[in-house]
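Structural overview for review
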Amino acid sequence: MKPEPLVKMVNEIARFFEDAQGGDAEFEIAQHLRRFWTPAMREGLLGHWRAAGAASGLDPLAARALACLESMLGKAR
């Protein structure tokens, strides 16, 4: 899957959770991605984020959520 639609979706999710969750938003976003996105979608987005860094198109909150997700997935292995 191309990264652009994934970036768009996670940025929209980040905007929703930022308004709804405040300080816990990055953890809640990471949980949402872990629960509802397929492994291929998660890995595609994480790979894009790792490769592109600041040029990934991710909102800062979405990027922090991916760091949280990466930590969660690493602990689950």
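What comes next concerns the included structure. (Residues numbered from 1 in each chain as written. Predicted model: local features only at pLDDT ≥ 70, side-chain atom pairs only at ≥ 80, totals over all residues. Heavy atoms only, no water.)

1. Quick notes on the overall build of the chain
When helices and strands are counted, the chain shows 4 helices and 0 strands. A globule of 77 residues ought to have a C-alpha radius of gyration of about 11 Å, and the chain, at 11 Å, matches this closely. The buried share among the 77 residues of the chain stands at 39%. Here the analysis covers contacts within the chain between residues at least 6 apart in sequence; of these, 64% occur between residues at least 24 apart. Just so you have it, the chain exposes about 4,600 Å², and 56% of that area is on carbon and sulfur atoms. Taking the 10 positively charged and 10 negatively charged side chains of the chain as two groups, their mean positions are separated by 7 Å. (Helix = DSSP H or I, 4+ residues; strand = E, 2+ residues; numbered from the N terminus. Rg over C-alpha atoms; globule rule 2.2 N^0.38 Å. Buried < 20%, exposed > 50% of the residue type's maximum accessible area, 1.4 Å probe, protein only. Contact = heavy atoms within 4.5 Å. Areas by Shrake-Rupley, 256 points an atom, 1.4 Å probe, with all protein chains shown as cover. Lys, Arg positive; Asp, Glu negative; His and termini not counted. Charge placed at Lys NZ, Arg CZ, Asp CG, Glu CD.)

2. A few points about the pattern of salt bridges
Counting across every chain of the model gives 3 salt bridges. Close ionic contact of E26 with R64 constitutes a salt bridge, the shortest N to O distance being 3.0 Å. Here R64 lies in helix α4 (residues 60–76) and E26 lies in helix α2 (residues 25–36), a separation of 38 residues in the sequence. On the basis of relative accessibility, which here comes to 30%, the residue E26 falls in the partly exposed class. For R64, a relative accessible area of 43% gives the class partly exposed. (Salt bridge = Lys/Arg side-chain N within 4 Å of Asp/Glu carboxyl O.)

3. A word on the environment of R64
In the structure, R64 is positioned 35 residues away from I29 in sequence and 9.4 Å away in space, judged by C-alpha atoms. Only 3.0 Å separates the side chain of R64 from the side chain of E26, close enough to count as a polar contact. (Polar contact = N/O pair within 3.5 Å; in protein donor to acceptor, adjacent residues only side chain to side chain.)

4. Description of the packing of aromatic side chains
One pass over the full model with this rule turns up 1 aromatic pair. The interplanar angle of 85 degrees and the centroid separation of 5.3 Å between the aromatic rings of F16 and F17 together place this pair among those described as edge-to-face. (Phe/Tyr/Trp six-rings, centres within 6.5 Å; stacked < 30°, edge-to-face > 60°.)

That's the geometry; what it means functionally is another story.
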